[in-house]
Amino acid sequence: MKRVMTAAICALGTIGLMGCQSGVNNAVSQAAMVTMAATPTSGGANKPLLEALQEENQTLTRSAMADLPPSGGATYVGYAQVISDRTVIPTVSTELVGKASLEVGFGGTGSMTGTIDDFDDNGTEYGGSLAVSAGTISAGANGPQVRGKVAGTLTNAGTSYDVDGNITGGFFGPGGEYLNGFDDITVTSGGATSNTNISLNAARQ
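Residues numbered from 1 in each chain as written. Predicted model: local features only at pLDDT ≥ 70, side-chain atom pairs only at ≥ 80, totals over all residues. Heavy atoms only, no water.

(A) Examining the packing of aromatic side chains more closely. Under the counting rule described, the total for this entry stands at three aromatic pairs. With centroids separated by 6.2 Å and ring planes inclined at 50°, the aromatic side chains of Y126 and Y161 adopt a geometry described as tilted. In this pair, Y126 is assigned in strand 4 (residues 124-140) and Y161 in strand 6 (residues 159-172), connecting sequence segments 35 residues apart. With respect to class, Y126 is no different from Y161; both count as buried. Site record: aromatic cluster; members linked through ring pairs are Y76, F106 and F171. Here R62 stacks its cationic end above the ring of F172, 5.8 Å away from the centre of that ring. (Phe/Tyr/Trp six-rings, centres within 6.5 Å; stacked < 30°, edge-to-face > 60°. Helix = DSSP H or I, 4+ residues; strand = E, 2+ residues; numbered from the N terminus. Buried < 20%, exposed > 50% of the residue type's maximum accessible area, 1.4 Å probe, protein only. Lys NZ or Arg CZ within 6 Å of the ring centre and 35° of its normal.)

In structure tokens, the structure reads:
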């Protein structure tokens, strides 16, 4: 299967997501993330499914504000990656890939809430979950942008990892049927903190 890595270039295009790989909004450098993405791993249970979802939707173009429904909401299901530089989370791979389920509201200023859980690190499962909250949808230069908070605690082998940050994404396809996002997070454990990133790929159900 062709590797289409959100971690390397935000999957559906850096330009489309208003420079999500810029130095201002990128704790891990693009060069470092390209190196991470090239690191061969078996990927565990979630990684092949993430790559298949990315492959299926990679040709979609950025949605316009007029493409989104004026009201109502939709469920988006997919995968999120916590990028690991291994300074705090001693991962086997460079990504913890979790399952994402999001509820997006389109009326007014919009909304986004949901849960990311069932994280997998190259076959090693992590407990805990991340909550997505306080989401809003606003008009950006290249189309609608959804932004929310992401926070929670992941666990493995008796150790806890506190995650806190944001998730920012754009909609793709003629009806906004695909959501791709990327933003900064911090991971803290045992007094050590890593500034890193989270990415998101989810399809409307």
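(B) Focus on the environment of S138. Relative to the helices and strands, S138 resides in strand 4. The exposure class of S138 is partly exposed, given its relative accessible area of 35%. It is 10.0 Å that separates the C-alpha atoms of S138 and G170, two residues lying 32 residues apart in sequence.

(C) Structural context of the side chain of N201. As for its position among the elements, N201 is in strand 8 (residues 192-204). In terms of polar contacts, N201 uses its side chain to reach the side chain of Y178, at 3.0 Å. (Polar contact = N/O pair within 3.5 Å; in protein donor to acceptor, adjacent residues only side chain to side chain.)

Keep in mind these numbers describe shape, not what the thing actually does.
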